Amino acid sequence: SSGINAEYGHRRGNRQTTRVKRNTTQYVCDEDFLFGVGSREVRTRTLSLQVYDYKSSTRHLCIGRVYVALCEYSFKDEDKPLSLKQHIIPAREPQDSFGCLQVALTVTPESLRIGILRAEGLSPVDMSGTVEPYCRILVHVSSELVHKKKTCISQSLDRSPNWQECFTLDLPERTLLCDVAVTIEVRDALRNTRSTSYLLLGRVLLSNSAVSGHGSVQWEHACSKRGTTVTEWQAILP
């Protein structure tokens, strides 16, 4: 038979799962979940939600995902719920990939030095198979955007650009590193024919608790070895 038999949302890391809704394509959850995260720590977290088609006899099928970088939102009024509406990103087959990005990170109490070195296996958004990629760096401190930088546009039109660019970004006085979150967006400068904006190919998050896991590991290593450059490959997430 075809169609969706059941769906449920899945939150990774601090895992919680909704009830299964059977035989419907109009999914209404109306459930509340409580996560033990402090007001300071929440700014370094990313909420990941996965929507599945429940299969009783085989592996559950992932329909799509939503990622919410909480550093981009303000939680000053803790008693007022924050309502968000996000598009579900369709799940790709396991063999597909958004590519990976090599990042060099140096952390000191006063500044960050971020090196955008190169990428491999970027996923083109059209049938041409070519991209003109660049990276945009966003640094948030306590949900406030303090720096925005970007690399040059790679003109090689291939999926493995080589930038080798570094940015030194000063942090505000008395900044706690646990309040800092770095988002690196990989974008395609080939404009969408339906829009004037550059297309987002994916992103990398470096913070205490990045959704990819490797982003948090690199951040923790750089913070523990202050002044030493830590270079890692990071998976690019949608």
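Heads up: the structure comes first, above all this text.
The rules we used
Residues numbered from 1 in each chain as written. Predicted model: local features only at pLDDT ≥ 70, side-chain atom pairs only at ≥ 80, totals over all residues. Heavy atoms only, no water. Pairing = 2+ DSSP bridges. Helix = DSSP H or I, 4+ residues; strand = E, 2+ residues; numbered from the N terminus. Axes fitted to C-alpha atoms, helices over the stretch in contact; angles between N-to-C directions. Buried < 20%, exposed > 50% of the residue type's maximum accessible area, 1.4 Å probe, protein only. Contact = heavy atoms within 4.5 Å. Core = buried A, V, L, I, M, F, W, Y, C linked by side-chain atoms within 4.5 Å. Salt bridge = Lys/Arg side-chain N within 4 Å of Asp/Glu carboxyl O.

1. Regarding the sheet that holds strand β13 (residues 199-206)
Strand pairing in a sheet takes place through backbone hydrogen bonds and is either antiparallel or parallel in direction. Taken together, the four strands give an open sheet; going across it, the order is β10-β9-β12-β13, and neighbouring strands pair in antiparallel fashion. Looking at which strands have only one partner, the edges of the open sheet turn out to be β10 (144-150) and β13. For this sheet the average axis-to-axis angle between neighbouring strands, irrespective of direction, equals 20°.

2. With respect to the sheet that holds strand β7 (residues 100-107)
Strand order in the open sheet formed by four strands is β11-β8-β7-β14, with antiparallel pairing between adjacent strands. One side of each edge strand has no neighbouring strand; the edge strands of this open sheet are β11 (162-170) and β14 (230-235). Each strand of the sheet is rotated relative to its neighbour by a mean of 20°, with strand direction disregarded. Bridge count between β7 and β14: six bridges; the pairing is antiparallel. Opposite L105, over in β14, you have V230 as the bridge partner.

3. Some details on the environment of S154
Within the element layout of this structure, S154 appears in the loop between β10 and β11. Exposure remark for S154: the relative accessible area of 10% places this residue in the buried category. Spatially, the C-alpha atoms of S154 and E132 are 5.5 Å apart, while their sequence positions differ by 22 residues. In this view, S154 contacts E132, P133, P161 and W163; residues no more than four positions away in its chain are not counted.

4. Some thoughts on the pairing of strand β9 (residues 133-141)
Where burial is concerned, most of β9 is hidden: eight out of the nine residues are buried. Of the pairings in the sheet, the one linking β9 to strand β12 (residues 180-188) comprises nine bridges and is antiparallel in character. In the sheet register, V141 faces β12, and the bridge partner there is V180. Here β9 runs beside β10; their pairing, made up of six bridges, is antiparallel. Bridged to H140 within β10 is L145.

5. Quick notes on the nonpolar core
The biggest cluster of nonpolar side chains holds 32 residues, and the ones touching the most others in it are L101, L112, I114, I116, V182, I184 and W219. Listing elements by their share of this core, those giving two or more residues are β7, β8 (111-120), β9, β11, β12, β13 and α1 (214-224). If near-sequence neighbours (up to four positions away) are discounted, I114 is found in contact with V103, A104, L105, I137, V139, E165, C166, F167, L169, V182 and I184.

6. Details of the pattern of salt bridges
Overall, the coordinates contain four salt bridges when judged by the stated rule. With its nearest N and O atoms 3.8 Å apart, the salt bridge here joins E173 to R174. Of the two residues examined, E173 and R174, each falls in the exposed class. Residues E185 and R187 are paired through a salt bridge, measuring 3.0 Å at the closest nitrogen-oxygen approach. Put simply, R136, E185 and R187 are held in one network by salt bridges that share partners.

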